[in-house]
Amino acid sequence: MNNSRIPKPKVKKESKIIKPHFLLSDETNHYVVFSFASLDWTEYFNLDGTCTNWSFDLLNMLKSISKTSKIDLLSGKFKTYRVHSHENAKPPNQLPDGVTLKDCYQLRISTSKGGIHGVFVENIFYVIWIDPLHNMYPDKRFGGLRTIKPPSTCCREREAHILELLEENQKLKEENKFWESEISKIT
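What you are looking at is a predicted structure, and each value in this text was computed from that prediction instead of being measured. Every chain is numbered independently, its residues counted from 1 as its sequence is written. With the structure being a predicted model, the display of local features is reserved for residues of pLDDT at least 70 and the display and counting of side-chain atom pairs for 80 or more, all residues being used for whole-chain, interface and lining totals. Only heavy atoms go into the side-chain values, all of them from the structure, while hydrogens and water stay out.

Student: What's the story with the overall build of the protein in this structure? I'm lost.
Tutor: Looking only at helices and strands, the protein has 3 helices and 5 strands in total. Counting across all 187 residues of the protein, residues that qualify as buried make up 27%. A fraction of 59% describes how many contacts in the protein between residues 6 or more apart in sequence connect residues 24 or more apart. Per-residue accessibility takes into account occlusion by the displayed protein chains alone, with areas from the Shrake-Rupley method and a 1.4 Å probe. Accessible surface for the protein amounts to roughly 14,300 Å². Of this, 54% is attributable to carbon and sulfur atoms. A run of H or I in DSSP becomes a helix once it reaches four residues, and a run of E becomes a strand once it reaches two; helices and strands are each numbered from the N terminus. Residue burial is assigned from relative accessible area. The probe radius is 1.4 Å, only protein chains are included, and a residue is buried under 20% of its type maximum, exposed over 50%, and partly exposed in between. Two residues form a contact once any of their heavy atoms are found within 4.5 Å.

Now the structure itself:
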């Protein structure tokens, strides 16, 4: 008997490969695809300091852009994303080897939520930096150039509470043993 709560997949001898409807057409092959293989976490490009809805807005932006072509995106057709290259930028970190500023683009999440920076290879956008604090172009309106501490877990409070409960449980077990031994002395 298997004690695992997660069921193991049943492998069928013959299985069909089912493609999602958005992959069936050859015309979608030119849509923008995102890769995080080159993502670099630095003291200036990280996730701390983001608001509760920031990641939701980022994912919605990625989803929306994934439904458009690279040509349409770079044409300026979508002003919301404020797509532009970084030829004149002075980034606070060095770009990865082989990447130049003229090849690097920004895709904006929103005016107040920063954007992502990366490079295109064909229709794949390789995200290099995530920039919620506008550190690629530090501006006093957004707090200037700021270092970012690594993100903390959203579960820190829960984990601390669990630890407190475990300690309390251990104390109660010890107290229970004490009283059981006291009762056994009386009886």
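So, next bit.
Student: Help me understand the pattern of salt bridges, please; the structure alone is not making it clear to me.
Tutor: Any two side chains of opposite charge can pair if their charged atoms end up close together. For salt bridges, the criterion is a side-chain nitrogen of Lys or Arg within 4 Å of an Asp or Glu carboxyl oxygen. Scanning the entire structure with this criterion turns up 4 salt bridges. Here Lys77 makes a salt bridge to Asp72, at a shortest N to O gap of 3.8 Å. Classification of Asp72 by relative accessible area gives partly exposed; the value is 28%. Residues Glu182 and Lys185 are paired through a salt bridge, measuring 3.3 Å at the closest nitrogen-oxygen approach. On the criterion of helical spacing, the pair formed by Glu182 and Lys185 is a turn pair, its members being 3 residues apart in helix α3 (residues 156–186).

Student: What exactly am I supposed to notice about the confidence of the model for the protein here?
Tutor: Any region with low pLDDT has predicted coordinates that should not be read closely. On a range of 0 to 100, pLDDT expresses the predictor's confidence in each residue. Predicted confidence across the protein gives a mean pLDDT of 81, with 82% of residues reaching 70 or more. Averaged over each element, pLDDT in the protein is lowest for strand β2 (residues 84–85) (76) and highest for strand β1 (residues 33–35) (93).

Student: Explanation requested: the environment of Glu43 in the structure shown.
Tutor: Locating Glu43 in the fold gives a position in the loop between β1 and α1 (54–65). Sequence separation between Glu43 and Ile148 is 105 residues; the distance between their C-alpha atoms is 5.1 Å. The residues contacting Glu43, other than those within four sequence positions of it, are Arg146, Thr147 and Ile148.

Student: Explain the packing of aromatic side chains to me, please; I cannot follow it from the model alone.
Tutor: Any aromatic ring pair is given by two values, namely how distant the centres are and how the planes are angled relative to each other. Think of it this way: a Phe, Tyr or Trp ring, Trp meaning its six-membered ring, pairs with another when their centres are within 6.5 Å, and the plane angle makes it stacked under 30 degrees, edge-to-face over 60, tilted otherwise. Evaluation of the coordinates by the stated rule reveals 5 aromatic pairs. With a centroid separation of 4.4 Å and an interplanar angle of 10°, the aromatic rings of Phe45 and Trp129 are classed as stacked. Of this pair, Phe45 sits in the loop between β1 and α1 while Trp129 sits in strand β5 (residues 124–131), placing them 84 residues apart in sequence. Like Phe45, the residue Trp129 is buried in the burial classification.

Student: Teacher, can you tell me more about the pairing of strand β3 (residues 104–110) here?
Tutor: For β3, the tally of buried residues reaches 5 of 7 residues, placing the bulk of the element in the interior. We treat two strands as partners when DSSP finds at least two bridges between them. Strand direction decides the pairing type here: β2 and β3, joined by 2 bridges, are antiparallel. Bridging across to β3, Ser85 finds its partner in Tyr105. Note: β3 against strand β4 (residues 114–121), 6 bridges, orientation antiparallel.

Student: Where do I start with the side chain of Gln106 in this structure?
Tutor: Tracing the chain through its elements places Gln106 in strand β3. Aside from chain neighbours lying at most four places away, what touches Gln106 is Tyr81, Arg82, Val83, His84, His86, Ile116, His117 and Tyr137.

Student: What is the right way to read a nonpolar patch on the surface from this model?
Tutor: Together, Ile162, Leu163 and Leu166 give the surface a local cluster of nonpolar side chains, amounting to about 280 Å² of exposed area. Considering the arrangement of structural elements, one finds Ile162 in helix α3. The patches described consist of residues with a relative accessible area above 30% and no salt bridge, like charges being joined within 9 Å and nonpolar side chains (Val, Leu, Ile, Met, Phe, Trp, Tyr) within 5 Å.

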